[in-house]
Amino acid sequence: MPKLSNPTTIEDSLLDFPNASRKNGCFTAASNNDEDFSVSEGVLPQDRITFWKITCHDKSANPYPILGVSTSHPTEKKASYLDPSFFGWRADSSSWQGGKLVREGQEWVGFKIKQQLIFRYDPISSPKTHILSVQIIDTDIEATILVPTPFSLSDDNEGYRISMTLNEGAHVALSPASIVDVRYWEIQQDLLDASDSKK
């Protein structure tokens, strides 16, 4: 596993969601909206691993929130999770891959209110696919999706963005991962790797 010299560095633009509503420091769905979807203003770097943390302070009925990455632009009005470039997870035990719902064959079991999720986007370990992972802090729950390399990387404004879909009642906080968060992720991965090697 690549070790990171500065694992908690994250651009401010990745924490800026132009189409999302904010309330008490959290992202929330606008009142009376059935569904709010938004992607970050900034693009995830292609030359290093990026971590971020999402805390679900409150959530409405499953399957929301839907969290992951997409190459959608902030100006687009359609649901980002329906875009063929979306990869991520729902609050229930389902994932979205390539804009399609996947219910079976996944290790993902969903998440609950107050749980903290660490996301890790790795564009450098594999030349043909990027690796998107999520872990729930203080549990052994983790999941990984292989994400296709974006077609165009010549434009600094093209690539994967952090994506969130909320509906009324959902409140989530997005922040850079701390050094402790990243080390926790690495320790959990080392334990999983050791367990797999014994099978």
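Scroll up to find the structure this text is about.
Source: prediction; values computed, not measured.

Residue placement: His 130 occurs in strand β10 (residues 129-136). At a separation of 2.6 Å, a polar atom in the side chain of His 130 contacts the side chain of Tyr 121. Once residues within four sequence positions are removed from consideration, His 130 is found in contact with Gln 46, Tyr 121, Asp 122, Pro 123, Ile 145, Leu 146, Val 147, Thr 149 and Pro 150.

Here strand β5 (residues 66-70) lies mainly inside the structure; five of its five residues are buried. Side chains of β5 alternate between two faces, with Ile 66, Gly 68 and Ser 70 and Leu 67 and Val 69 buried alike. Inspection of the sheet shows β5 paired to strand β12 (residues 161-166) by five bridges, in the antiparallel sense. If you follow Leu 67 over to β12, its bridge partner there is Met 164.

Summed over the entire model, instances satisfying the criterion amount to five salt bridges. Between Asp 92 and Arg 90 there is a salt bridge; the shortest N-O distance is 2.6 Å. Here Asp 92 falls in the buried class, since its relative accessible area comes to 15%. Accessibility expressed as a relative area gives 8% for Arg 90, which makes it buried.

So, about the packing of aromatic side chains. Tallied over the full model, the rule gives seven aromatic pairs. Taking the centre distance of 5.8 Å and the plane angle of 80° together, the rings of Phe 51 and Trp 185 count as edge-to-face. On the criterion of sequence distance, the pair formed by Phe 51 in strand β4 (residues 50-58) and Trp 185 in helix α1 (residues 179-198) is long-range, its members being 134 residues apart. There is no split in this pair, since Phe 51 and Trp 185 are both buried.

Rules of the game
- Residues numbered from 1 in each chain as written.
- Predicted model: local features only at pLDDT ≥ 70, side-chain atom pairs only at ≥ 80, totals over all residues.
- Heavy atoms only, no water.
- Helix = DSSP H or I, 4+ residues; strand = E, 2+ residues; numbered from the N terminus.
- Polar contact = N/O pair within 3.5 Å; in protein donor to acceptor, adjacent residues only side chain to side chain.
- Contact = heavy atoms within 4.5 Å.
- Buried < 20%, exposed > 50% of the residue type's maximum accessible area, 1.4 Å probe, protein only.
- Pairing = 2+ DSSP bridges.
- Salt bridge = Lys/Arg side-chain N within 4 Å of Asp/Glu carboxyl O.
- Phe/Tyr/Trp six-rings, centres within 6.5 Å; stacked < 30°, edge-to-face > 60°.

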